[in-house]
Amino acid sequence: GDRTRAEDQPAYLLILGDLHQVPETLHQILGSDCFVGRLAFSTQNGEPELAGYEAYVDKIIRWERKSADAQHAYARLLVVDDGSSATLSSRLALLEPALSLARRDLQLGRLPTFDPQPSSELGIVSPVELFSQARKSGIGVLLSASHGLGAPRGGWESVELQHQQQGAMHFGRAGRLTGGDVARGVFLPGGIWFMLAYYSAGTPLNSHFRPWLEQLQQAGQFSEAVQKVLAGLPRPGERPFIAALPQALLANPEGPLAFLGHLDLAWSYGFQDLSTGMQRNQPERFLNLISSLLRHHRVGVALRELTRYIGSTNAQLTRLYSKAAETGTPMNMAQLAHLWMVRQDL
């Protein structure tokens, strides 16, 4: 029948399958109007690996049956202190300001629960420390900032190895956290992990950042070689893929119920505004998401607390294009590229 009326359309949609089975473009299109998630587990001989789906469904049902008191939880923020400028920026511009805002909101009664951890406890330097944190009882939401494992200098030895390890949590010389490390045992049981890192959710066929990185490079505002930054993308004839780390976590009976991450490169644009030429930190975007999760809102609803800022970025982009069309004056291409980086990061 005709299902064009908005009230007849489902608001919550769950995509089953990897990126070569259901393309990310469908996820993006549906996500403009609906709350969209995805479950994808490894395949064998072209057939879905049903054990992962079965384990996840069993875990969801088990946690749904727990009482509200048993699900009382708090949030924890962590950053990998690997000495890089990217993780330092995440700490100074996102995590520490978010902690400060959370303490204020907790006192004002705006947050149901939160772990008022001191800033000195934000940093971790090894997978062992992360396991120590993730096995603590009561952590319902984990927000972490780190590097995601990308292509090694000489490239991946095989496609299979890339699918197993790309997007793993990288600790520099201290090692990495891969899907195989979290497939069994207690790791954030019943919780939700938001992992800010390259390819943490998966690797697309093409990066949505490529044209804007090239534009910033031409404007002298991006000094790295774009092709080197994008070295982890699939080569001709290879397919895009969901990362192994979230697959293992979601199939683990003692793992989290949901995983949020980047299906592409990851930047600081989601919590830093660089389009005006002056850095402005916006940690409240992520704190709003965490607050929503702590109130037991559905993950799709909570994520909208972050992605709704795409609307304001779209409005700024529209104004730039409209002004150029109306006045005949050239656009500030660096500002345009920065705004597109914000939009794509969100």
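Our subject is the structure listed above.
Described below are features of the structure shown in this document. None of the values given here were measured: they were computed from a predicted structure.

Extensive coverage of strand S5 (residues 74–80) is indicated by the burial of 6 of its 7 residues. As judged from the 6 bridges shared by S5 and strand S7 (residues 139–145), these two strands associate in the parallel manner. In the strand pairing of S7, Leu77 is matched with Leu143. As paired elements, S5 and strand S6 (residues 123–124) share 2 bridges and run parallel to each other. The residue bridging Val80 from the neighbouring strand is Ile124, located in S6. For the handedness criterion, the β-α-β arrangement of S5, helix H3 (residues 85–107) and S6 is classed as right-handed.

Of the volumes computed, that of the second largest pocket is approximately 1,500 Å³. Along its surface, the second largest pocket is lined by 47 residues, and His147, Tyr198, Glu224, Val229 and Trp267 are the ones closest to its centre. At the level of secondary structure, the elements contributing two or more residues to the lining of the second largest pocket comprise H3, strand S8 (147–148), helix H7 (210–218), helix H8 (226–229) and helix H13 (333–345). Per-element tally for the lining of the second largest pocket: the top contributor is H3, with 5 residues. Partitioning the lining of the second largest pocket into residue classes produces 23 nonpolar, 19 polar and 5 charged.

Looking now at helix H12 (residues 309–327). A rise of 1.5 Å per residue sets the reference length of H12, with its 19 residues, at 27 Å; its end C-alpha atoms lie 27 Å apart and thus fit the reference within 8%. Taken as a whole, H12 has its buried residues at Tyr309, Ile310, Thr313, Leu317, Leu320 and Ala324. Within H12, the buried residues cover an arc of 110° as seen down the axis, which keeps them to one side. Opposite its buried face, H12 presents the exposed residues Arg319, Lys323, Ala325 and Glu326, each directed more than 90 degrees away. Here the buried face of H12 lies against helix H10 (284–294), helix H11 (299–307) and H13. Among the residues trailing H12, Gly328 stands out with phi positive, at a value near 75°.

Criteria and cut-off values
Chains are numbered independently. Their residues run from 1 in the order of the written sequence. Local features are withheld for residues below a pLDDT of 70 in this predicted model, meaning they are given only at 70 or higher, and side-chain atom pairs are given and counted only at 80 or more; totals for whole chains, interfaces and linings count all residues. Note that water and hydrogens are dropped before the side-chain values are worked out from all heavy atoms of the structure. Each residue is assigned to one of three classes by its accessible area relative to the maximum for its type, calculated with a 1.4 Å probe on protein chains only: buried under 20%, partly exposed between the two thresholds, exposed over 50%. Here a strand is any run of E in DSSP of at least two residues, a helix any run of H or I of at least four, and the numbering for each starts at the N terminus. DSSP-based pairing: two strands are paired if at least 2 bridges between them are found. With its strands directed away from the observer, a crossover is right-handed exactly when the path from the first strand over the helix to the second travels clockwise. A pocket, in this scheme, is an open set of points on a 1 Å grid over the protein atoms alone with protein on both sides within 12 Å along at least 5 of 7 lines, while a cavity is a set where a 1.4 Å probe fits but cannot get out; residues line either one if an atom lies within 4 Å of a point. Grid points are joined across faces, edges and corners, and a volume is the space filled by probe spheres set on the points. Any residue that is not Ala, Val, Leu, Ile, Met, Phe, Trp, Tyr, Cys, Pro, Asp, Glu, Lys or Arg is counted as polar, Gly included; the first ten are nonpolar and the last four charged. The span one expects for a helix is its residue count, reduced by one, times 1.5 Å. Think of the arc as the fan of directions from the helix axis to the C-beta atoms. We call two residues contacting when some pair of their heavy atoms lies within 4.5 Å.

On their own, these measurements won't tell you what the molecule is for.
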